[in-house]
Amino acid sequence: MKKGIFLIICLFFLILPSEVESLEYHRLYNLKEGMNADEIMKTVYHNKYSLFCKDITLKGKVIYIDSPNFFRKRKYIKYRMISGKDGIAYKEITTFTYPTEVKGLSLLVWSYESPQKKQDVWLWVPSLKKVRKISPSQNDDAFMGSDFTVEEVSTRKFEDETYRLIGEKSFAGYKSKYTGKDFFKGRSCFVIEAVPKKKNWYYAKRIIWVDKETGGNIYEEYYDRKGRLFKTIFRKWELLDAGDKKYPTQTTLEVTNLISKHSTVILMDNIRYDQNLSSGLFTVKTLMRSRW
Amino acid sequence: MKRIAEFLVVVSVPLVVVLVALSGFAEEVNQNIEQAGYIQTEIWSKVNNDSNHEFLSSLKTTVDLESQYRLSDNWYFFFHPRYFYDFAYDIRDEFDPNQESMGNTQRTEWLRDCYLDYISDELDVRLGKQQVVWGQMDLPILDRVMPWDLSWWWLPDLADMRIPLWMAKVEYSPSLDSSLQFLLIPDSETTRVGLENTPFAFKSTNDFFKVKRRVESAGGSMNVSLLKPAKKFENSTFGLRWRAFAGDWEYTLNWLYGYSTSDYLYLDALKNVSGYLGSVPVGDYYYARRHKRIQLWGLSFNRSFVDPGVLEGLTLKGEFAYVHDEPTYYGVSGSRKITEVSDKYNYGIALEKYFFTKWLFALQFLQFITNDYSREGYKLLDNASYGLQDKVETYLTLKIKTHFMHGRLKPDILLVYQDDNSGRIVPKFNFELRDDLWVQLGYAHFYGRIDTPNGEFRNNDQIFSKVKYTF
């Protein structure tokens, strides 16, 4: 009788739908042939938020291409520490360094593991000389006024969409609107369709090209409810040396709104991994040290 | 013209020298020096047509430079001078000579920041001239460490309104997300208000000088002594702030002990009364403006609701301050009779949330409660207007912010409502022409009875524009 119950329990677990396991923090995962859409996208998100490392620092530049001859810029420094403890996925500090009008503006963000939880955000406001606890921006709001939404850059999680593997294809290549250079022509990619779980969201589906070599989502097409393509996002992924490892890293993001014809580019350099950043850096006290 | 020439010599020449020197220095020490600055010109024009003052309120140019020198990973030096010159004081005819002090940077106020920073995981020390800001609200309940420059009422950015002080600030962190701040402030400055007949001179100031002239023309005199605390260690201001988390709530506990940052008018003696002008005795008045020791106990808290539910995305903030023995004016409507200390209980609650994707709504509810509503038969008065005040004064403020054109155009509007149906409405538009060139256009509308804090400026609506070149 006991053996029978044991067998029934074993069978129950065997016939449960196979849920993709959570990926471990501070561990690097590579894409493999034969992965399903969920497994691929989990890896993509793992790489997007650099959850494989302990910490990362970088310098970023946001370029708003208002017209072919008129650009505006923002520069910033970002520090991120991957946690994976106490429900916190990562903490990061972003400080703007250019132009002077926004210089000193600093954001401390705590991002949680729970897919339902929003971020906690503190802001150092130079015009007030104080730290303000602020409401997190809405996910469909423009990220820093750019063509990216907030969720496209910093808040979208694996659990926000459902995924379907369309197939494996060779990428046609992308010509940068900012530099004019061609990227990733002929790269072998998984092509995945992602549909948001939210009803009446700002997009109905997106088609994602995931580079097999880097595990990065190098190209995305956004479609509205009528099936019209309205936005494309290109991300240049590279494998950067980090000690004896090579970490997948996005170094360029380029978004084009096909309706407004406006583009935004984010460039990242001086990227350093695993510098053993102090956890004390990611506290309100750091914002209070601000001088600008 | 002479003043303009002085301005060019006093500001422009040293500025150029400093910029040139720093640019050379920057090459030498490369990444250890960081600098930024701006030149801003702003024009304020009065919209209402009355006789109080002329159309042009201000035509001000400000030069600002910030420099940081990194001595090591733990040590930094920060230096921040700023100078302004208001050409309106050259153009307008009706200013009194004493108002010229409103027309340019006074005394040591050109030095906004000058401090040495030591930073480490456990201990941060900042020594020098600086600003310390307490609290969560956008009106000063806990934000009482620094004196204020109220010569433009509450219209400028708060960081520009605070008058920096020389002090020592020590921040010790016993754990990751908690810290104990200790302040020792041997320096003192007095909260500044607009001089008589300047655009945002308090009604109480204008009324005082009107009476003074009447008394003097009838043969009396009015003498005002400015009495500041002696510069002794025991007259320093001391502050403590504990900041920590209790679950999802971040909170602070605050304590401040020292002389009030504002000075208060006391009538010490009235001698040689020779008659009356209406109800006003004509004689020799001996007034003193004094700072009094006060003690503040307070707390603040905040929490963002990050879990799903009806409160998701909402940020709740609040603060409370109990002020012991704060000087308070009592009298009859429009006339201060006595100054006595009273305890105050002030608190505020704020709610903040984004709606419709990119519209931020920030609502504040604040109450200022004075323990003693009347003294010696006189009623509580507002400091600025000498209007009768309620025991509980309630304020509601609403700020709405958004952005358009990929962040180039940022409009916002601030609505301040006081429970006696007065307040102000200030819409602003900021536009980014280029990375280094920004413009602002705004309007400040005041309404309410003339004896209320905002209503006293009801004939002083202003349209303003600013052009800022940054480098």
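Here the focus is the overall build of chain B. When its secondary structure is counted, chain B shows four helices and 24 strands. Buried positions account for 53% of the 471 residues belonging to chain B. Sequence-distant contacts, at least 24 apart, represent 60% of the contacts inside chain B between residues at least 6 apart. For chain B, the exposed area adds up to about 20,800 Å²; of that, 60% sits on carbon and sulfur atoms. Computed over 51 positive and 62 negative side-chain charges, the separation of the two mean positions in chain B equals 4 Å.

A few words now on the overall build of chain A. The helix and strand inventory of chain A stands at four helices and 15 strands. A globule of 292 residues ought to have a C-alpha radius of gyration of about 19 Å, and chain A, at 20 Å, matches this closely. Referenced to the eigenvectors of the C-alpha coordinate spread, the extents of chain A come out at roughly 75 × 45 × 45 Å. Sorting the 292 residues of chain A into buried and exposed places 56% on the buried side. Residue pairs in contact within chain A that sit at least 24 positions apart in sequence constitute 51% of those at least 6 positions apart. When the 52 positive and 35 negative side-chain charges of chain A are each reduced to one mean point, those points stand 5 Å apart.

Moving on, we come to a nonpolar patch on the surface. On the surface, Ile349, Leu351, Leu363, Phe365, Leu396 and Tyr417 of chain B cluster together into a nonpolar patch covering about 450 Å² of accessible area. Relative to the helices and strands, leucine 351 of chain B resides in strand 16 (residues 335–355).

Residues and elements named next belong to chain B. For chain B, per-residue confidence averages 91 on the pLDDT scale, and 92% of positions sit at 70 or higher. Counting contacts from residues 23–28, a segment whose pLDDT is below 50, to residues more than four positions away or on other chains yields four contacts. Scoring of the predicted complex yields 0.88 for pTM and 0.87 for ipTM.

It is worth spelling out unusual backbone geometry at this point. In this chain, tyrosine 98 of chain A is followed by proline 99 of chain A through a cis amide linkage whose omega measures -5°. On the secondary structure map, proline 99 of chain A appears in the loop between strand 3 (88–98) and strand 4 (106–112). The backbone of histidine 26 of chain A sits at a positive phi, close to 60°, despite the residue not being glycine. In the Ramachandran plot, methionine 405 of chain B falls in the positive-phi region, its phi being about 55° despite a non-glycine side chain. Mapped onto the elements of the fold, methionine 405 of chain B is located in the loop between strand 20 (392–401) and strand 21 (409–418). The class for methionine 405 of chain B is partly exposed, based on a relative accessible area of 45%.

The subject of this paragraph is the side chain of arginine 192 of chain B. Relative to the helices and strands, arginine 192 of chain B is located in the loop between strand 8 (178–185) and helix 4 (203–217). For arginine 192 of chain B, a relative accessible area of 17% translates into the label buried.

Per the stated rule, a full pass over the model turns up 52 aromatic pairs over all chains. Aromatic pair tryptophan 122 of chain A and phenylalanine 245 of chain B: ring centres 6.1 Å apart, planes at 80°, arrangement edge-to-face. Remark: phenylalanine 245 of chain B occurs in strand 10 (residues 237–246) and tryptophan 122 of chain A occurs in strand 5 (residues 120–125); the pair is interchain, linking two chains. Looking at tryptophan 122 of chain A, the relative accessible area reads 1%, which means it is buried. One cation-aromatic arrangement involves lysine 91 of chain A over tryptophan 110 of chain A; the distance from NZ or CZ to the ring centre is 4.2 Å. Positioned over the ring face of tyrosine 329 of chain B is arginine 336 of chain B, at 5.9 Å from the centre of the ring.

Now for the interface of chain B and chain A. In this complex, chain B contributes 69 residues to the contact, which on the side of chain A involves 52 residues. A combined buried area of about 4,900 Å² lies between chain B and chain A, and 48% of that area is made up of carbon and sulfur atoms. It is Val306, His406 and Asp435 of chain B that lose the most area in chain B upon contact with chain A, and together they represent 15% of the buried surface on that side. Counting across the chain B and chain A interface gives 10 salt bridges. The residue aspartate 124 of chain B makes a salt bridge to lysine 285 of chain A at a minimum N-O spacing of 3.8 Å. Our count for the chain B to chain A interface comes out at 34 residue pairs in polar contact (both at pLDDT 80 or more). Classifying every residue of the side of chain B that touches chain A by side-chain character gives 21 nonpolar, 19 polar and 29 charged.

Turning to helix 4 of chain B, a few remarks are in order. Residue and element names in this part refer to chain B. With 15 residues, helix 4 extends 21 Å from end C-alpha to end C-alpha; this agrees with the ideal 21 Å at 1.5 Å per step. All of the buried residues in helix 4 are Ser204, Thr205, Asn206, Asp207, Phe208, Lys212 and Val215. Where helix 4 is buried, its residues meet strand 9 (221–227), strand 12 (264–277) and strand 13 (280–290).

For the structure shown, the criterion picks out 53 salt bridges over all chains. Among the salt bridges present, the one from glutamate 152 of chain A reaches lysine 231 of chain A, with a minimum N-O distance of 2.9 Å. Of the two residues, glutamate 152 of chain A sits in helix 3 (residues 150–155) while lysine 231 of chain A sits in strand 13 (residues 229–242), which places them 79 residues apart along the sequence. For the pair shown, glutamate 152 of chain A and lysine 231 of chain A are each scored as buried. Close ionic contact of arginine 289 of chain A with aspartate 124 of chain B constitutes a salt bridge, the shortest N to O distance being 2.5 Å. Here arginine 289 of chain A is found in the segment after helix 4 (284–288), whereas its partner aspartate 124 of chain B is found in strand 5 (residues 123–130) on a different chain. Exposure remark for arginine 289 of chain A: the relative accessible area of 14% places this residue in the buried category. Residue aspartate 124 of chain B is classed as buried on the basis of its relative accessible area of 8%. Within this structure, Asp66, Arg72 and Arg74 of chain A together with Glu432 of chain B form a network of salt bridges that share partners.

Our focus in this paragraph is helix 2 (residues 37–48) of chain A. Residues and elements named next belong to chain A. Over its 12 residues, helix 2 extends 16 Å from the first C-alpha to the last, a length consistent with the 16 Å expected when each residue adds 1.5 Å. Most of helix 2 is tucked away, with 10 of its 12 residues classed as buried. Ala37, Ile40, Met41, Lys42, Thr43, Val44, Tyr45, His46, Asn47 and Lys48 are the residues of helix 2 that are buried. Where helix 2 starts, the residue carrying a side-chain oxygen 3.1 Å from the main-chain nitrogen of aspartate 38 turns out to be asparagine 36. At the exit of helix 2 stands serine 50, carrying a positive phi of roughly 45°.

Conventions used here
Residues numbered from 1 in each chain as written. Chains lettered and ligands numbered in written order. Predicted model: local features only at pLDDT ≥ 70, side-chain atom pairs only at ≥ 80, totals over all residues. Heavy atoms only, no water. Helix = DSSP H or I, 4+ residues; strand = E, 2+ residues; numbered from the N terminus. Buried < 20%, exposed > 50% of the residue type's maximum accessible area, 1.4 Å probe, protein only. Contact = heavy atoms within 4.5 Å. Areas by Shrake-Rupley, 256 points an atom, 1.4 Å probe, with all protein chains shown as cover. Lys, Arg positive; Asp, Glu negative; His and termini not counted. Charge placed at Lys NZ, Arg CZ, Asp CG, Glu CD. Rg over C-alpha atoms; globule rule 2.2 N^0.38 Å. Patch = residues over 30% accessible without salt bridge, like charges linked within 9 Å, V, L, I, M, F, W, Y side chains within 5 Å. Salt bridge = Lys/Arg side-chain N within 4 Å of Asp/Glu carboxyl O. pLDDT = per-residue confidence, 0-100. Phe/Tyr/Trp six-rings, centres within 6.5 Å; stacked < 30°, edge-to-face > 60°. Lys NZ or Arg CZ within 6 Å of the ring centre and 35° of its normal. Buried area = accessible area lost by both parts, 1.4 Å probe. Polar contact = N/O pair within 3.5 Å; in protein donor to acceptor, adjacent residues only side chain to side chain. Nonpolar A, V, L, I, M, F, W, Y, C, P; charged D, E, K, R; others polar. Expected span 1.5 Å × (residues − 1).

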